[in-house]
Amino acid sequence: TRPLSAAQEFIKISIANPLALLSVSSGIDFASSAYGVSLGADGNAYIATGDATGELVVVQLSSMSTAYTYDVTSGSLARSVYFGGGYAFLGMNASVPEIVVVGGGVGGGGASNPWSVALVAGIANTTGTIDAMSVAVSGNYAFVGTLNNTGGREFYIVNISNKSAPTIVGSLEIGANVNGIAVN
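Residues numbered from 1 in each chain as written. Predicted model: local features only at pLDDT ≥ 70, side-chain atom pairs only at ≥ 80, totals over all residues. Heavy atoms only, no water.

### Topic: the overall build of the protein chain
Phase 1: What the protein chain contains, in helices and strands, is zero helices and 14 strands.
Phase 2: Its helices and strands in sequence order give the protein chain the pattern β-β-β-β-β-β-β-β-β-β-β-β-β-β, from N to C terminus.
Phase 3: Taken over 184 residues, the protein chain has a buried fraction of 40%.
Phase 4: When contacts within the protein chain are restricted to residue pairs at least 6 apart in sequence, those whose partners lie at least 24 apart make up 38%.
Phase 5: Split by element, the accessible area of the protein chain, about 8700 Å² in all, is 55% carbon and sulfur. (Helix = DSSP H or I, 4+ residues; strand = E, 2+ residues; numbered from the N terminus. Buried < 20%, exposed > 50% of the residue type's maximum accessible area, 1.4 Å probe, protein only. Contact = heavy atoms within 4.5 Å. Areas by Shrake-Rupley, 256 points an atom, 1.4 Å probe, with all protein chains shown as cover.)

Structural data, given as structure tokens:
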């Protein structure tokens, strides 16, 4: 993904032969910046965007077409995304709950919502409203990193065992932006 420009914000690069000269095989131009991507085992890419009327975009990778765009909360921006187990965990900007759980999956939602996507829950951090820049999930926990929160915390552990009622179970003052998280 890349910031909004005159070019495509989401591109697909074939790495079948990583020693060969790489090139863009296809791409999609969004109406706004694409901030994060998570690949689902279902063959889709889940993209966090800066579009205030479509923060979560689902792209079918086989056809490189937009399958669904979901407006999480009107007027907000998604900064990061993790998809797994039929849920998208979005890191949002500070004007809404910073951590949003969106549930659903392929099919069954009818013409108006073919992906059966619905807002499940949202949770705001306890020390202020700071953009959630990174989200990673392992088991029943989401790990969330925010922008530098002077005098507050930037790293959060969220219990997501009950998707409709996530709770913060731990946090840590880092003193800097947490722009990426990987868990093992």
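That was the structure; now back to the text.
### Looking at the pattern of salt bridges
Phase 1: Throughout the structure, instances matching the rule amount to one salt bridge.
Phase 2: Arginine 79 is the salt-bridge partner of aspartate 131, the closest N and O atoms lying 3.2 Å from each other. Of this pair, aspartate 131 sits in the loop between β10 (118-123) and β11 (132-138) while arginine 79 sits in strand β7 (residues 78-84); the two residues are 52 residues apart in sequence, bridging distant segments of the chain. We note that aspartate 131, like arginine 79, is buried. (Salt bridge = Lys/Arg side-chain N within 4 Å of Asp/Glu carboxyl O.)

### Focus: the side chain of serine 80
Phase 1: Here serine 80 shows up in strand β7.
Phase 2: Engagement of the side chain of serine 80 in a polar contact is seen with the backbone nitrogen of serine 134, the distance being 3.5 Å.
Phase 3: Other than its neighbours up to four places away in sequence, serine 80 contacts Ala48, Phe89, Leu90, Gly91, Ala132, Met133, Ser134 and Val135. (Polar contact = N/O pair within 3.5 Å; in protein donor to acceptor, adjacent residues only side chain to side chain.)

### Comments concerning the sheet that holds strand β3 (residues 34-39)
Phase 1: One open sheet accounts for four strands, arranged β3-β4-β5-β6; its pairing is antiparallel. Unpaired on one side and paired on the other, β3 and β6 (65-70) mark the two borders of the sheet. Neighbour to neighbour, the strand axes of the sheet diverge by 25° on average, direction disregarded.
Phase 2: Of the pairings in the sheet, the one linking β3 to strand β4 (residues 44-49) comprises five bridges and is antiparallel in character. Residue pairing across strands places alanine 34 opposite threonine 49, the latter belonging to β4. (Pairing = 2+ DSSP bridges. Axes fitted to C-alpha atoms, helices over the stretch in contact; angles between N-to-C directions.)

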